[in-house]
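Structural characterization, general
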Amino acid sequence: MSKYLTLFFYVLLPLISFSQKDEKFHKVKINYNSTIDLVKIANKGVGIDHGLHKKNHFFISDFSESEIEKIKSLEIDYEILINDVTKFYNQRNNSQNNFDQNEFCEEDENSYITPENYDFKQSDEFGGFYTYNEMLNELDDMHSQFPDIVSVRSEIKDETYSGTPHIHETYEGRFLQWIKISDNPNISENEPQILYTALHHAREPASLQQLIYFMWYILENYNSNESIKQIIDNSELFFIPCVNPDGYIYNETSEPNGGGMWRKNRRDSHGVDNNRNYSFIDENGNEVWNTSGTSNNPNNNTYAGDGPFSESENRAVRYFVESNNFKIALNNHTYGNLLLYPYGYDYNEPTEDNDIYEFISEALVNENNYDNIISADLYPAAGDSDDFMYGMLTTENNQTREKIFAMTPEIGSSFWPQTSTIEDICKGMLYLNLTAAKMIGNAVATPAGNDNLGTVSVPRSIDGGGGETPPDTGNEDGDTLWDGTHLLVWDTDKWVPVGPGDLAYVQKVDKGEVTNTAGNGFEIPAVNNVQAGLMLPADKNSLDNLVAGGASLWSRSGTDLSPKNKTTVKRPSLSIRSDIIKSLFIILTLL
């Protein structure tokens, strides 16, 4: 009897899979007043990680008919806003007036010039987005035009593995592709590294599109923009533009005009959610996977797979991460106008570096005004890329790696935004992408066209006269001095040169407002155990440094940022020549 049941299952499985692929999707507004409702929906295997959200009020996204039935079964209030979103997306692109201001964040004041090599497509050409092969052609074209700063496109593949199929080969026989941008792209220079990924989920083409736009932008501006040149010359930028090629190509073939709603990879036709298949090790040494926001049903959109890293795409990303030393990673998704950071697996589980995450995420969204929040603020979901990159520090070879400050931009306001809005969506991510590259420890304060970088002032500076012997008496901690060669700071009983990573030193004051050089007030957050090379200089031996971080100034004692003291900086009294500033290794350019 069991033999016939097994046979029946395998006959039925393709039909189940077909019905899953063929059903329509509708745009739905879920009205709720407690996050418990969202957890109930997520536990039904319904993906609610991408959409427009007002906490404890509503959540809007695109759902399949079977997912809507699950929401209905929970007796949670909902309303269908748009029937058959695939048809809607196509008709909207073909309409006479195909411009919708709400499809993207308001354009910022910066007027970015679109790269000459960026290709505009017609709305009936995959919704205006690059297809998979077009993306490969773009990567090849980048190397062809800029061979000195772009590597040859390569497969993520462990060459020592001899099994068939290869452990990093997708279900349909593909390998993830990667490319590097740096001044010496074909060698490793032990420079700070950043990783950009896109398309963990196949129905999120804007995540890929904005990466290609960003890559062309920095390549074309390398020789004309000093800030971009400093980034490329002093760091290594790695890109995996498509983590889920099989799923993406399925959407191309099933909906060539755009609007395809397939999310997962294509394993066994039912697929696995690549952003539920990672894991990480918690503080108690336990592996966290498939604990929340996931499904054990292969036909649900949040199916987590057979086990952690069961999917070739996830194994490939892990191999790539463990083969490099990334400081920051941006794992791009759509949509929601958000910037998410760990942890995502459970409520009220911030990382030990939450203050750093708050600071750097706030800096990243300074221009596009995305909301920067912990991933689990919407609802908890285990197995995502950020939790893995930050928290899985034991490698497959039982070695130890450094944590990665991984974040997820949720770009724009739709899975398939209007063709007319794509360019602005890409522009809206430029500042975030550029600033992340500056954060990894390579950028220097060199505003274009300004030979003298201006002044940095402190509460009490001593004029050393460009050669005068520094006074050894009557000094207070925090006094600074320019002796003609070095910027010095008085520390307890001696003058200490300002070392690599320090822009200026200021006296710490309790209960004071922190003022940046633009005169805007802000406070220093409480931060401890800062990772070297990220928010502080790689040299952590110098004492009581002040580090310029974007529009912020960080006062540090020893290896920790002070959780209580604040720092006041006023302007101007101490001039620092541009040739001196250029030798200082700081985290962010002054804004």
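Residues numbered from 1 in each chain as written. Predicted model: local features only at pLDDT ≥ 70, side-chain atom pairs only at ≥ 80, totals over all residues. Heavy atoms only, no water.

This part takes up the overall build of the protein. Looking only at helices and strands, one finds 13 helices and 27 strands in the protein. For the protein, buried positions account for 60% of its 591 residues. In the protein, the proportion of contacts linking residues at least 24 apart, taken out of those at least 6 apart, comes to 76%. Only carbon and sulfur atoms are counted for the fraction: they give 45% of the accessible area of the protein, which is about 24400 Å². (Helix = DSSP H or I, 4+ residues; strand = E, 2+ residues; numbered from the N terminus. Buried < 20%, exposed > 50% of the residue type's maximum accessible area, 1.4 Å probe, protein only. Contact = heavy atoms within 4.5 Å. Areas by Shrake-Rupley, 256 points an atom, 1.4 Å probe, with all protein chains shown as cover.)

As a further point, take the sheet that holds strand E3 (residues 58-64). What links the strands of a sheet is backbone hydrogen bonding, and the strands pair in either a parallel or an antiparallel sense. Spatially, E2-E3-E1-E4 is the arrangement adopted by the four strands of the open sheet, whose pairing is antiparallel. Taken across any chain shown, the strands that pair with only one partner, and hence form the sheet edges, are strand E2 (52-54) and strand E4 (78-82). Recorded for the sheet is a direction-independent mean angle of 30° between the axes of neighbouring strands. Where strand E1 (residues 25-31) meets E4, four bridges bridge the pair, whose relative direction is antiparallel. Residue pairing in the sheet places Lys27 in a bridge with Ile82 of E4. In the packing of helix H3 (residues 65-73) onto the sheet, the strands contacted are E1, E3 and E4, and the crossing angle to E3 comes to about 135°. (Pairing = 2+ DSSP bridges. Axes fitted to C-alpha atoms, helices over the stretch in contact; angles between N-to-C directions.)

On to the pairing of strand E8 (residues 236-240). Among the five residues of E8, five are classified as buried, and the element is accordingly described as predominantly covered. Burial along E8 is two-sided: the face carrying Glu236, Phe238 and Ile240 and the face carrying Leu237 and Phe239 are both buried. Pairing geometry for strand E6 (residues 177-181) and E8, over three bridges, is antiparallel. If you follow Ile181 over to E8, its bridge partner there is Leu237. Pairing analysis gives five bridges linking strand E7 (residues 193-198) to E8, with the strands arranged parallel. Residue Ile194 lies in a different strand from E8, and its bridge partner there is Leu237.

Next up on the list: the packing of helix H7 (residues 226-234) against helix H12 (residues 422-439). Between two packed helices, the angle of one axis relative to the other and the distance separating the axes together describe the packing. Closest axis-to-axis distance for the H7/H12 pair is 10 Å, and the angle between their directions is 50°. As the angle between them shows, H7 and H12 are arranged oblique. Along this stretch, H7 crosses H12, giving a crossing that reads as left-handed. Contacts between H7 and H12 involve Ser227, Ile228 and Ile231 from the former and Leu434, Ala437 and Lys438 from the latter. Residues belonging to the contact of H7 with H12 are distributed by class as follows: four nonpolar, one polar and one charged. (Parallel < 35°, antiparallel > 145°, perpendicular 65-115°, else oblique. Left-handed = near helix turned anticlockwise from the far one by under 90°. Nonpolar A, V, L, I, M, F, W, Y, C, P; charged D, E, K, R; others polar.)

Applying the stated criterion across every chain, the model contains 31 aromatic pairs. An angle of 55° between the planes, with centres 5.0 Å apart, marks the rings of Phe280 and Tyr345 as tilted. Here Phe280 is found in strand E9 (residues 280-281), whereas its partner Tyr345 is found in the loop between strand E12 (338-341) and helix H10 (354-364), with 65 residues between them in sequence. An identical accessibility class is assigned to Phe280 and Tyr345; each is buried. Taken together, the ring pairs connect Phe280, Tyr341, Tyr343, Tyr345, Tyr357, Tyr390 and Phe405 into an aromatic cluster. Over the face of the ring belonging to Phe415 we find Arg203, whose NZ or CZ atom lies 4.4 Å from the ring centre. (Phe/Tyr/Trp six-rings, centres within 6.5 Å; stacked < 30°, edge-to-face > 60°. Lys NZ or Arg CZ within 6 Å of the ring centre and 35° of its normal.)

A few words now on the pattern of salt bridges. Tallied over the full model, the rule gives 17 salt bridges. When the shortest N-O distance is used, the salt bridge between Arg263 and Asp49 registers 2.9 Å. Residue Arg263 is located in the loop between helix H8 (245-254) and E9, and its partner Asp49 is located in the loop between helix H2 (35-43) and E2; the two are separated by 214 residues in the primary sequence. Exposure class is identical for Arg263 and Asp49. Each is buried. For the salt bridge of Glu134 with Lys121, the shortest nitrogen-to-oxygen distance reads 2.6 Å. You can see Glu134 sitting in helix H5 (residues 132-145) and its partner Lys121 sitting in the loop between helix H4 (85-93) and H5, a full 13 residues away along the chain. Accessibility expressed as a relative area gives 29% for Glu134, which makes it partly exposed. Taking relative accessible area as the criterion, Lys121 reaches 13% and is therefore assigned buried. Each member of the salt-bridge network shares a partner with another, and the members are Asp49, Arg263, Asp273 and Arg276. (Salt bridge = Lys/Arg side-chain N within 4 Å of Asp/Glu carboxyl O.)

With that settled, consider the sheet that holds strand E11 (residues 326-332). Ordered in space as E5-E6-E8-E7-E11-E14-E12-E13, the eight strands form an open sheet in which the pairing is mixed. Bordering the open sheet on either side are strand E5 (154-155) and strand E13 (371-374), each of which pairs with just one other strand. Sheet analysis places E12 next to strand E14 (residues 405-410), joined by three bridges and oriented antiparallel. For Leu338, the partnering residue across the bridge sits in E14 and is Glu410. The strands touched by H10 within the sheet are E12, E13 and E14, with E14 carrying the most contacts at an inclination of about 40°.

Before going further, it helps to examine unusual backbone geometry. Here the bond from Thr164 into Pro165 is cis, since omega is -5°, no more than 30 degrees from zero. Along the chain, the position of Pro165 falls in the loop between E5 and E6. A cis amide bond links Thr334 to the next residue, Tyr335, at an omega of 10°. Here the phi dihedral of Asn56 falls at roughly 65°; this positive angle occurs in a residue that is not glycine. With respect to the helices, strands and loops of the structure, Asn56 is situated in the loop between E2 and E3. Phi is positive for Asp84, which is not a glycine, with a value near 50°. In this structure, Asp84 sits in the loop between E4 and H4.

In this section: H2. Three- or four-residue spacings in an α-helix give side chains the same orientation, since the helix completes a turn every 3.6 residues. Here H2 has its buried residues at Thr35, Asp37, Leu38, Ile41 and Ala42. Along the axis of H2, the buried positions cluster into a sector of 150°, meaning they face one direction only. Exposed and oriented more than 90 degrees from the buried face of H2 are Ile36 and Asn43. In this structure, the buried side of H2 is in contact with E1, E2 and H3. Positive phi shows up at Gly45, right after H2, with a value of about 85°. (Arc of directions from axis to C-beta.)

With that settled, the discussion passes to the confidence of the model for the protein. Residues with a pLDDT of 70 or more make up 69% of the protein, whose mean pLDDT is 77. For residues 1-19, every residue scores under 50 in pLDDT, and the model assigns this stretch four contacts once sequence neighbours within four places are set aside. Within the model, pLDDT remains below 50 along residues 498-591, and this stretch shows 247 contacts once partners closer than five positions in the same chain are excluded. (pLDDT = per-residue confidence, 0-100.)

A few words now on the environment of Tyr431. Relative to the elements of secondary structure, Tyr431 occurs in helix H12. Relative accessible area serves as the criterion here: at 13%, Tyr431 is assigned to the buried category. For the pair Tyr431 and Asn366, spaced 65 residues apart in the sequence, the C-alpha separation amounts to 8.4 Å.

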